[in-house]
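Listed below, chain by chain, are the residues.
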Amino acid sequence: MPEATAQARPGGRSAKVRAAVHRAVEELVAEEPVEALTIPVIAARAGVHATTVYRRWGSVAQLLNDVATSRFSGDVVVPDTGSLSGDLERWMGDVATDLADPDVLALMRATIGSGPDGGCACTADRHAQLGAIIERERARGGEVPSVGTAVDTLLGPLYYRAIFSREPASSEWARGLVATLLTAIRCRVSPGRDTPR
């Protein structure tokens, strides 16, 4: 059966090249100024030909986006504590811990600076996780914010502090943002106020 031999091997050469290139990018952004990040430099560190990297990713910006998307997908687990406050507090603590890693910050800064899609590559999975937490609480019958409000209240300040300031975004500080969000929800649905639409 010749068709069987034509199937792609999972975990073959392509997967090894991708892993080596991703590892090279992560190492280089942690060691060098982002301006030094070029495809020939990345290829040399990964032990592959530069043409292989150009053919697969096209540019440093596209490569950084791919590395960031891979790095920030599934790196933080969505908790299920049984309550919105518990889920958000644990999740925000985990995200803050991840953002405190200097290598993570170096990758994020390089990716954000590489082009307009860089920010989305670093945050898309976190938005999806936050949406999953909110939908679970909605299914439990609880009052929930919109995902946009939660992103603005929780991730906006956390990412700003982690990336653009010298103040640490500690887990405790991040959990305090959850209290701000939940207070706003309670005020929105308290007696004497209009029910949210």
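All figures in this text were calculated on a predicted structure; none of them were measured in a lab.

> Which parts of the structure should I look at to understand the overall build of the protein chain?
Within the protein chain, the secondary structure is distributed over ten helices and zero strands. Counted from the first residue to the last, the protein chain has its helices and strands arranged as α-α-α-α-α-α-α-α-α-α. When the 197 residues of the protein chain are sorted by exposure, 38% land in the buried category.

> Would you mind going over the confidence of the model for the protein chain with me for this structure?
Detail in the predicted coordinates should be disregarded across regions flagged by low pLDDT. Model confidence for the protein chain is summarised by a mean pLDDT of 87, while 90% of its residues fall at 70 or above. The low-confidence segment residues 1-10 (pLDDT under 50) makes zero contacts with residues lying over four places distant or belonging to another chain. This model gives residues 191-197 a pLDDT under 50, and the stretch forms six contacts once residues within four places in sequence are excluded.

> What should I look at first to understand the nonpolar core in this one?
Nonpolar side chains in soluble globular proteins tend to end up buried together. In terms of nonpolar packing, the biggest core is built from 55 residues, with Val21, Leu88, Met92, Leu130, Leu154 and Leu158 touching the most fellow members. Those residues in contact with leucine 88 that lie beyond four places of it in its chain are Leu130, Ile133, Leu154, Val178, Leu181 and Leu182.

> Where do I start with the packing of aromatic side chains in this structure?
Geometrically, a pair of aromatic rings is defined through the distance of the ring centres and the angle of the planes. Using the criterion set out here, one finds one aromatic pair in the structure. Aromatic pair tyrosine 160 and phenylalanine 164: ring centres 5.6 Å apart, planes at 40 degrees, arrangement tilted. With a gap of four residues between them, tyrosine 160 and phenylalanine 164 both fall in helix H9 (residues 147-164), about one helical turn apart. The exposure class assigned to phenylalanine 164 is exposed, which follows from its relative accessible area of 57%.

> Can you help me understand the pattern of salt bridges in this one?
Opposite charge on two side chains permits pairing when their charged atoms draw close. For the structure shown, the criterion picks out 13 salt bridges. When the shortest N-O distance is used, the salt bridge between arginine 140 and glutamate 137 registers 2.8 Å. Accessibility expressed as a relative area gives 35% for arginine 140, which makes it partly exposed. One network of salt bridges, with partners in common, ties together Asp80, Asp87, Arg136, Glu137 and Arg140.

> Just checking my understanding: could you explain the environment of alanine 46 for this structure?
With respect to the helices and strands, alanine 46 occurs in helix H3 (residues 39-46). In this structure alanine 46 comes out as buried when scored by relative accessible area, which is 14%. Separated by 24 residues in the primary sequence, alanine 46 and histidine 22 place their C-alpha atoms 8.2 Å from one another. Those residues within four positions of alanine 46 in sequence are excluded, and the remaining contacts are Ala20, Val21 and Ala24.

> Please clarify how helix H4 (residues 50-57) should be interpreted in this entry.
Each full turn of the α-helix corresponds to 3.6 residues, which orients residues three or four apart in the same direction. Those residues of H4 not exposed but buried are Thr52, Val53 and Trp57. One side of H4 carries all its buried residues, which in axial view fall inside an arc of 100 degrees. In H4, the exposed residues that point more than 90 degrees away from the buried face are Thr51 and Arg55. A positive phi of about 85 degrees marks glycine 58, the residue just after H4.

> Looking at this structure, how should I read the packing of helix H2 (residues 13-31) against H4?
What describes two packed helices is the angle between their axes and the distance between those same axes. At their nearest, the axes of H2 and H4 sit 12 Å apart, and the two run at 100 degrees to each other. Classified by the interaxial angle, the pair formed by H2 and H4 is roughly perpendicular. Contacts between H2 and H4 pair Ser14, Val17, Arg18, Val21 and His22 from the former with Thr52, Val53, Arg56 and Trp57 from the latter.

The rules we used
- Residues numbered from 1 in each chain as written.
- Predicted model: local features only at pLDDT ≥ 70, side-chain atom pairs only at ≥ 80, totals over all residues.
- Heavy atoms only, no water.
- Helix = DSSP H or I, 4+ residues; strand = E, 2+ residues; numbered from the N terminus.
- Buried < 20%, exposed > 50% of the residue type's maximum accessible area, 1.4 Å probe, protein only.
- pLDDT = per-residue confidence, 0-100.
- Contact = heavy atoms within 4.5 Å.
- Core = buried A, V, L, I, M, F, W, Y, C linked by side-chain atoms within 4.5 Å.
- Phe/Tyr/Trp six-rings, centres within 6.5 Å; stacked < 30°, edge-to-face > 60°.
- Salt bridge = Lys/Arg side-chain N within 4 Å of Asp/Glu carboxyl O.
- Arc of directions from axis to C-beta.
- Axes fitted to C-alpha atoms, helices over the stretch in contact; angles between N-to-C directions.
- Parallel < 35°, antiparallel > 145°, perpendicular 65-115°, else oblique.

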